[in-house]
Amino acid sequence: MTLRRISLTVTASLILVAACGGPTNGDARPAAIVAPTTAMGAFADYDAGAVPGGPGKGVRYQLGHRTDSALLAMMNRDVGPDGAELPEGRGTVAQGAALFATTCASCHGKSGEGTPPAYPRLVGRDPRAEHFAFARDPKLPRSIGNYWPYATTLFDYIRRSMPFTAPGSLTDDQVYALSAYLLAANRIISDTAALDAAALRKVRMPYQNRFVPDDRKPDKKVR
Amino acid sequence: MTDHTPPTTDSHDDDNESATQHLSRRDLISGAAGALGGVMLGGLPMALRGQQAMPIRPVVPVDATKLQGAPTSPLGQRSAFETPLRAPYGETVGSSYTPLRELAGTITPADLHFERHHAGIPSLDPQRHTLTIHGLVDRPLTFTVHDIKRFPQVVRTYFVECSGNTRSAYRAPRPDMTAQQVSGLVSTTEWTGVPLATLFREAGVKREAKWFLAEGGDACLLNRSVPIEKAWDDALIVWAQNGEPLRPAQGYPLRLLLPGWEGNINVKWIRRIELGTRPWMTRWETAKYTDPLPNGTARIFTFELDAKSIITSPSHPDMIVERGWRPVSGIAWSGRGRIARVEVSTDGGRSWHDAELLGPSLPKSTVRFQYLWEWRGEEALLLSRATDEAGFIQPTRAAMLVERGPGTDYHFNHIVGWQVERGGRVFFHGET
């Protein structure tokens with residue numbers, strides 16, 4: 001009994017309408033992000049005392065192993081918005097530009113213009129983005145310069161996920177250089193800048209204050 | 001109704017824009033099963049947009065009572081007459097949609113659960129894969145999959161929905177869209193796992209911890225920040241799906257399951273959880289999965305999926321040939337709790353009627369509904385509208401356009417439906 005499946009793939013082309021304009025000045029105040037309040041729920045009291053036959057209230061199951069420090073060091077490389085975890089290292093815009101041409105441009109385009117939707121545009125600083133009109137204009141690209149609220153995100157993402165075909169292969173110096181190049185190309189920092197931990201911590205993205213906490217609630221109102 | 005608008009030229013890439021470019025792949029049917037050992041038939045390739053594939057029927061004996069049937073087998077297969085398939089497929093960074101029209105009840109068969117991944121599906125050895133919990137804890141701990149299975153387990157039924165689901169139907173609704181293309185990025189599963197709270201107690205989470213970072217073990221090391229309240233509420237680390245180990249595409253061997261929250265944050269292939277005091281502002285919660293609003297701001301950390309529903313029968317490309325009674329049936333769900341009510345309209349929303357909820361309405365799960373309808377050959381516009389237990393009523397697309405604008409990118413839960421022509425043909429209706 002054979003079930004044979006034949007398939008054809010339809011490839012479709014999407015067109016990105018996007019413009020790249022002059023620099024804009026955004027407000028650099030940090031947005032207040034408040035943790036959503038979820039009512040203490042089902043598992044708040046579900047400890048070992050709640051399971052029939054278990055060791056009893058407040059008692060641990062004694063499962064799991066002490067974390068190996070080498071394993072943790074290998075994995076624990078995330079960088080938050082204050083840049084507290086940023087590693088040592090340094091890279092310039094010029095070094096980043098050279099590296100981008102050899103390692104990234106094949107997918108993201110010579111000047112980071114991308115070939116969306118498969119390969120996102122990395123450079124875009126559109127005057128229309130000044131009003132943050134993304135809800136009204138679906139075609140306005142949410143590129144790094146137009147949209148991203150934190151520069152540390154760029155460092156974290158490039159270091160963990162790029163280049164696509166060899167993720168994790170870049171040195172920290174290279175990640176600083178590529179971040180510098182992309183921030184300069186998006187007119188956030190100057191073309192002659194260099195980035196290290198201290199410099200990256202100081203970078204403020206133009207639209208950071210546009211991000212607001214979720215105000216939807218479990219009620220009747222559509223928001 | 002029958003002319004077709006050109007493919008959408010929307011730019012935003014992620015989650016499901018490509019759905020409209022790939023057609024329902026009824027193109028693949030081939031093969032035959034019969035007690036005589038099976039007769040192969042050639043497959044008919046490709047239904048191009050707007051055309052129907054010519055149905056090729058498997059060959060079976062005229063009278064199955066006159067000869068012995070097939071023997072037992074190690075792995076079951078669907079009837080050769082049934083070929084539900086995900087579509088589109090073949091993408092490393094992409095998604096495949098659940099064929100909602102072909103399914104019944106609420107549970108999604110594991111092999112038809114929608115897929116969405118950003119660096120392909122990793123191959124992970126369950127004997128080598130571990131989950132580490134560290135940061136603001138008394139004891140950083142690393143669990144093997146075997147360790148995880150030794151904790152007391154819980155069994156819960158929840159849906160997972162990609163927050164980009166229904167984007168194409170919102171941005172550029174087209175009459176020839178199927179339920180799969182409209183809302184196929186939602187699937188429902190009976191999950192088995194351990195409460196995250198149990199693991200947090202084992203590691204001794206410190207009082208100062210307010211958020212945790214969840215990181216997957218795929219090639220993009222997908223990372224998301226989660227407020228700690230969710231762990232004390234209903235978060236799970238799951239390892240089984242509908243009675244068997246997770247499928248690789250759903251996170252094998254371990255997955256974070258945050259009931260009712262947008263799909264992306266249900267981190268698959270989870271390998272690490274770090275407890276901290278503030279969110280990490282990863283790409284996935286800043287550049288993506290934020291919701292621009294018409295007032296020039298964007299919501300960040302929009303986790304809950306609001307009440308939503310879709311009629312799956314009848315739906316395009318169904319053709320109603322017989323007049324008379326039939327159920328109008330579909331699924332409804334809410335990330336905020338139970339579905340309290342589903343209403344169906346057959347006249348485009350002029351009048352609404354309570355539908356019957358089939359089976360229990362479980363929190364953060366799908367419930368199937370039906371409304372009995374007598375078709376007398378008239379034109380009709382079938383719509384469904386869900387209300388959750390907080391009283392939230394699914395809005396129209398027009399209302400969402402006012403509140404969120406045409407460029408909003410996630411959390412589409414507007415009312416959708418199906419136009420039934422006098423001749424019985426059924427077409428998607430998205431402009432509610």
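Located above this text is the structure these notes cover.
Residues numbered from 1 in each chain as written. Chains lettered and ligands numbered in written order. Predicted model: local features only at pLDDT ≥ 70, side-chain atom pairs only at ≥ 80, totals over all residues. Heavy atoms only, no water.

Engineer: Explanation requested: the packing of helix 4 (residues 151–161) of chain A against helix 5 (residues 172–185) of chain A in the structure shown.
Structural biologist: Two measures define how a pair of helices packs: the angle their axes make with one another and the distance between the axes. All names here are of chain A. Contact geometry of helix 4 with helix 5 gives a least axis separation of 9 Å together with a crossing angle of 130°. The angle between the axes of helix 4 and helix 5 places the two elements in the oblique class. For the pair helix 4 and helix 5, the crossing hand works out as right-handed. Mapping the contact onto sequence places Ala151, Leu154, Phe155, Ile158 and Arg159 in helix 4 and Asp172, Val175, Tyr176, Leu178, Ser179, Leu182 and Leu183 in helix 5. Looking at the contact of helix 4 with helix 5, its residues break down into 9 nonpolar, 1 polar and 2 charged. (Axes fitted to C-alpha atoms, helices over the stretch in contact; angles between N-to-C directions. Helix = DSSP H or I, 4+ residues; strand = E, 2+ residues; numbered from the N terminus. Parallel < 35°, antiparallel > 145°, perpendicular 65-115°, else oblique. Left-handed = near helix turned anticlockwise from the far one by under 90°. Contact = heavy atoms within 4.5 Å. Nonpolar A, V, L, I, M, F, W, Y, C, P; charged D, E, K, R; others polar.)

Engineer: Help me out: how do you make sense of the sheet that holds strand 12 (residues 270–276) of chain B in this one?
Structural biologist: Strand pairing in a sheet is mediated by backbone hydrogen bonds. Such pairs are either parallel or antiparallel. Taken in spatial order, the 6 strands line up as 1(A)-4(B)-3(B)-12(B)-7(B)-8(B) in an open sheet, and their pairing is mixed. Whereas interior strands pair on both sides, the edge strands pair on one side only; in this sheet they are strand 1 (65–66) of chain A together with strand 8 (223–227) of chain B. Relative to strand 8 of chain B, strand 7 (residues 211–216) of chain B runs antiparallel, the two being bridged by 5 bridges. Counterpart to B:Ala214 in the pairing with strand 8 of chain B is B:Arg224. (Pairing = 2+ DSSP bridges.)

Engineer: What is the right way to look at the sheet that holds strand 16 (residues 324–333) of chain B in this model?
Structural biologist: Residue and element names in this part refer to chain B. Ordered in space as 15-16-20-19, the 4 strands form an open sheet in which the pairing is antiparallel. What marks the edges here is a single partner per strand, and that holds for strand 15 (308–313) and strand 19 (356–358). If you compare each strand with its neighbour and ignore which way they point, the axes differ by 35° on average. Of the strand pairs in this sheet, strand 16 and strand 20 (residues 366–375) are connected by 10 bridges, and their pairing is antiparallel. Bridged to Pro327 within strand 20 is Leu372.

Engineer: Please explain helix 5 of chain A as it appears in this structure.
Structural biologist: Residue and element names in this part refer to chain A. Taking 1.5 Å of rise per residue, 14 residues should cover 20 Å, and helix 5 covers 20 Å from first to last C-alpha, within 8% of that figure. The element helix 5 is extensively covered by neighbouring structure, given that 10 of its 14 residues are classed as buried. Within helix 5, the full set of buried residues consists of Val175, Tyr176, Ala177, Leu178, Ser179, Ala180, Tyr181, Leu182, Leu183 and Ala184. The elements touched by buried residues of helix 5 are strand 2 (91–92), helix 2 (93–103), helix 4, strand 3 (194–195) and helix 6 (197–202). Looking one or two places after helix 5, you find Arg187, whose phi comes out positive at around 60°. (Expected span 1.5 Å × (residues − 1). Buried < 20%, exposed > 50% of the residue type's maximum accessible area, 1.4 Å probe, protein only.)

Engineer: Just checking my understanding: could you explain the pairing of strand 12 of chain B for this structure?
Structural biologist: Two faces make up the sheet, and in a regular strand the side chains alternate between them. Residues and elements named next belong to chain B. By the criterion of burial, strand 12 is predominantly enclosed, with 7 of the 7 residues buried. Strand direction decides the pairing type here: strand 3 (residues 130–135) and strand 12, joined by 4 bridges, are parallel. By the bridge assignment, His134 is partnered in strand 12 with Glu274. Bridge analysis of strand 7 against strand 12 gives 6 bridges, and the strand direction is antiparallel. Looking at strand 12, one finds that Phe212 is bridged to Leu275.

Engineer: How should I be thinking about the pattern of salt bridges in this particular structure?
Structural biologist: Opposite charge on two side chains permits them to pair, given that their charged atoms come into close proximity. Tallied over the full model, the rule gives 40 salt bridges over all chains. A salt bridge links B:Arg272 to B:Glu274; its shortest N-O distance comes to 2.9 Å. Judged on exposure class, the residue B:Arg272 and its partner B:Glu274 are both buried. Each member of the salt-bridge network shares a partner with another, and the members are A:Asp78, A:Asp156, A:Arg160, B:Glu215, B:Arg271, B:Arg272 and B:Glu274. (Salt bridge = Lys/Arg side-chain N within 4 Å of Asp/Glu carboxyl O.)

Engineer: Got a minute to help me understand the side chain of A:Asp78 in this structure?
Structural biologist: With respect to the element layout, A:Asp78 can be found in the loop between helix 1 (69–75) and strand 2. At 2.4 Å, the side chain of A:Asp78 forms a polar contact with the side chain of B:Arg272. Polar side-chain contacts of A:Asp78 include one of 3.1 Å to the side chain of B:Trp280. Each residue touching A:Asp78, except ones within four places of it in the same chain, is listed here: A:Glu85, A:Asp156, A:Arg160, B:Leu213, B:Arg272, B:Glu274 and B:Trp280. (Polar contact = N/O pair within 3.5 Å; in protein donor to acceptor, adjacent residues only side chain to side chain.)

Engineer: Mind showing me how you'd approach the environment of A:Phe155 here?
Structural biologist: All names here are of chain A. Secondary-structure assignment places Phe155 in helix 4. Between the alpha carbons of Phe155 and Asp78 there is a distance of 9.4 Å; along the sequence they are 77 residues apart. Those residues within four positions of Phe155 in sequence are excluded, and the remaining contacts are Val79, Leu86, Pro87, Asp172, Val175, Tyr176, Ser179 and Leu200.

Engineer: What's the story with unusual backbone geometry in this structure? I'm lost.
Structural biologist: Both trends apply: most residues other than glycine have a negative phi, and most peptide bonds are in trans. Residue and element names in this part refer to chain B. In this model, Ala87 is joined to Pro88 through a cis peptide bond whose omega is -15°. In this model, His316 is joined to Pro317 through a cis peptide bond whose omega is 5°. One non-glycine residue, Leu221, lies in the positive phi region at around 45°. Relative to the helices and strands, Leu221 resides in the loop between strand 7 and strand 8.

Engineer: Explanation requested: helix 6 (residues 397–404) of chain B in the structure shown.
Structural biologist: In an α-helix, one turn spans 3.6 residues; hence positions three or four apart end up facing the same way. Residue and element names in this part refer to chain B. Here helix 6 has its buried residues at Arg397, Met400 and Arg404. Around the axis of helix 6, the buried residues are gathered within 55° of arc, so they sit on the same side. Those residues of helix 6 that are buried are in contact with helix 2 (167–171), strand 13 (291–292) and strand 14 (298–300). Following helix 6 by one or two positions, Gly405 adopts a phi angle in the positive range, close to 85°. (Arc of directions from axis to C-beta.)

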